[in-house]
Amino acid sequence: MSNQNIKTVAVLTSGGDAPGMNAAIRAVVRTANSLGLECYGVREGYNGLIHGDFTKMGPRSVKNIINEGGTILKSARSSEFKTPEGRDKAFENCKKHNIDALVCIGGDGSFTGAKVFNEEYGLPVIGVPGTIDNDIFGTDNTIGYDTALNTAMEAIDKIRDTATSHNRVFFVEVMGRDAGFIALNSGIATGALDILIPEQKDSMEELFGTFRKAEKVGKSSSIVVVAEGEKLGNIYDLAKATKDEFPNFDIRVAVLGHIQRGGSPSCADRVLASKMGYGAVMGLVEGKSKVMVGVKSNRLIYTPIEEAIKKHNEIDKDLLKISEILAM
């Protein structure tokens, strides 16, 4: 059913930035314009709602941004928005600008804020999943994941050149505080000897056993990809323990860090973000609210925000097995 009451939409980006967020902003603004709706961009996420930092946006406001990383609207984590007083200020500013609905581009923390805001004030909200971790339930991929994955892969490929040239063992840390999607997929793509992720129970003995197998088959250099949230220990402790066990190994550590969050978004992320931004606005005018737009099997779907927050995408167990078989 069409929601004829929506005449003005606001869009914000919240939490960690992800390549493709600008493409999603562009899609929201231009889809709103095509439907005759006014659109405002809110700077610095929920802080912008609280402080009234609204910018009127039209089709020309978002020209030449589809290829840019980061977010032109800036992003921030807002502790004030977690308070009733902060949310009350935010709603007053929404009323002042005649905002009828809100599109929130971010991760599960951002969606939690949108859910509470909707429940307290009734303002329709739709979430767009923008995070490189790819751990949000209700979509095959999140905006930014494909770009981050390719960035990690390219960096590890370069590290392998040095590892091979000097017969070294490299421990490479990739992003993924609670999820191992980047680690698992980049590890398979780069032929890593072992991949350590938060979702599975790893042990030092298993890691040492893998190194022993590698020695037997004549591997002279190795890459171990470690998700930053690996529960076995931080990457420096893992490298030290390995050096203690194998004193003859020439071991190095590389932490890829925030390079994975930046850069021009891949084609896949640009298309995904465009589809989701369009889907968010269409969902609002069709009367949907408190849902997250996602893409599964190339089709737009809508998942209740509460479900998207509570559940998480699961690691493909077949990929775990494949990584073990192909490592040797």
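Within every chain, residues take consecutive numbers counted from 1 along the sequence as written. Note on the predicted model: pLDDT of at least 70 is required for a residue's local features to be given, and 80 or more for side-chain atom pairs to be given and counted; whole-chain, interface and lining totals, by contrast, use all residues. Side-chain descriptors were evaluated using all non-hydrogen atoms of the structure, hydrogens and water having been removed beforehand.

Peer 1: Talk me through the packing of aromatic side chains; I want residue IDs and the actual numbers.
Peer 2: For this analysis, a ring pair means two rings from Phe, Tyr or Trp (six-membered ring only for Trp) whose centres lie within 6.5 Å, classed as stacked if their planes differ by under 30 degrees, edge-to-face if by over 60, and tilted for the remaining angles. Scanning the entire structure with this criterion turns up 11 aromatic pairs. Judged by centre distance (4.5 Å) and plane angle (15°), the rings of phenylalanine 91 and tyrosine 121 are stacked. One end of the pair, phenylalanine 91, is in helix H3 (residues 84–96); the other, tyrosine 121, is in helix H4 (residues 108–121), and 30 residues separate them in sequence. Burial classification: accessible surface area is computed with a 1.4 Å probe over protein chains only, and a residue below 20% of its type maximum counts as buried, one above 50% as exposed, and the rest as partly exposed. When its relative accessible area of 16% is taken as the criterion, phenylalanine 91 is described as buried. Look at phenylalanine 208 and phenylalanine 246: their rings are 5.8 Å apart centre to centre, the planes differ by 80°, and that puts the pair in the edge-to-face class. Placement of phenylalanine 208 in helix H7 (residues 204–216) and of phenylalanine 246 in the loop between helix H8 (235–245) and strand E9 (251–255) is noted, with a sequence separation of 38 residues between them. We note that phenylalanine 208, like phenylalanine 246, is buried. Linked through ring pairs, Tyr46, Phe81, Phe91, Phe117 and Tyr121 together constitute an aromatic cluster. Cation placement over rings: the criterion is NZ of Lys or CZ of Arg within 6 Å of the ring centroid and within 35° of the ring normal. A cation sits over an aromatic face here: lysine 288 above tyrosine 302, 4.8 Å from the ring centre. Positioned above the aromatic ring of phenylalanine 137, the side-chain terminus of lysine 296 is 5.2 Å from the ring centre. Secondary structure elements follow DSSP: runs of H or I of four or more residues count as helices, runs of E of two or more count as strands, with numbering from the N terminus.

Peer 1: Describe in detail unusual backbone geometry, supporting the description with residues and values.
Peer 2: Positive phi values are uncommon outside glycine, yet asparagine 98 reaches one of about 55°. Mapped onto the fold, asparagine 98 is located in the loop between H3 and strand E4 (101–106). If you check the backbone angles, asparagine 134 has positive phi at about 60° while not being a glycine. Summarising the element assignment, asparagine 134 is placed in the loop between strand E5 (125–129) and helix H5 (145–166).

Peer 1: For the packing of H7 against H8, give the residues involved together with the corresponding values.
Peer 2: Angles shown run from 0 to 180 degrees and are taken between the N-to-C directions of axes, each axis being a line fitted to C-alpha atoms and, for helices, limited to the stretch in contact. Two elements in contact, H7 and H8, have axes whose closest approach is 11 Å; the angle formed by their N-to-C orientations is 55°. In terms of orientation, H7 lies oblique with respect to H8. Handedness of the crossing formed by H7 with H8: right-handed. Here H7 contributes Met204, Leu207, Phe208, Phe211 and Arg212 to the contact with H8, which in turn contributes Leu238, Ala241, Thr242 and Glu245. Taken together, the residues that form the contact of H7 with H8 break down as 6 nonpolar, 1 polar and 2 charged. Any angle that is under 35 degrees is reported as roughly parallel, and any over 145 degrees as roughly antiparallel; angles of 65 to 115 degrees are reported as roughly perpendicular and all others as oblique. Note on convention: near helix rotated counterclockwise from far helix by under a right angle means a left-handed crossing. Clockwise means right-handed. Only heavy atoms matter for contacts: two residues are in contact if any of them lie within 4.5 Å across the pair. Three categories are distinguished: nonpolar for Ala, Val, Leu, Ile, Met, Phe, Trp, Tyr, Cys and Pro, charged for Asp, Glu, Lys and Arg, and polar for the others, with Gly belonging to the last.

Peer 1: Can you lay out the side chain of serine 221 for me, pointing to particular residues and giving the numbers?
Peer 2: Secondary-structure assignment places serine 221 in the loop between H7 and strand E8 (222–227). Those residues in contact with serine 221, other than ones at most four positions away along the chain, are Ala163, Thr164, Asn167 and Arg168.

Peer 1: Please provide a residue-by-residue account of the pairing of strand E1 (residues 8–13), values included.
Peer 2: Most of E1 sits out of view: 6 of its 6 residues are buried. Side chains Thr8, Ala10 and Leu12 project from E1 onto one buried face, and the interleaved Val9, Val11 and Thr13 project onto a second face that is buried too. Relative to strand E2 (residues 38–42), E1 runs parallel, the two being bridged by 5 bridges. In the sheet register, valine 9 faces E2, and the bridge partner there is cysteine 39. Read from E1 through helix H1 (residues 21–34) to E2, the crossover connection turns out right-handed. Any two strands between which DSSP finds at least two bridges are classified as paired. Two strands pair when backbone bridges link them, and E1 and E4 are joined in this way by 5 bridges, in the parallel orientation. Convention used here: a crossover is right-handed provided that the path from the first strand, over the helix, to the second strand proceeds clockwise when the strands point away from the viewer.

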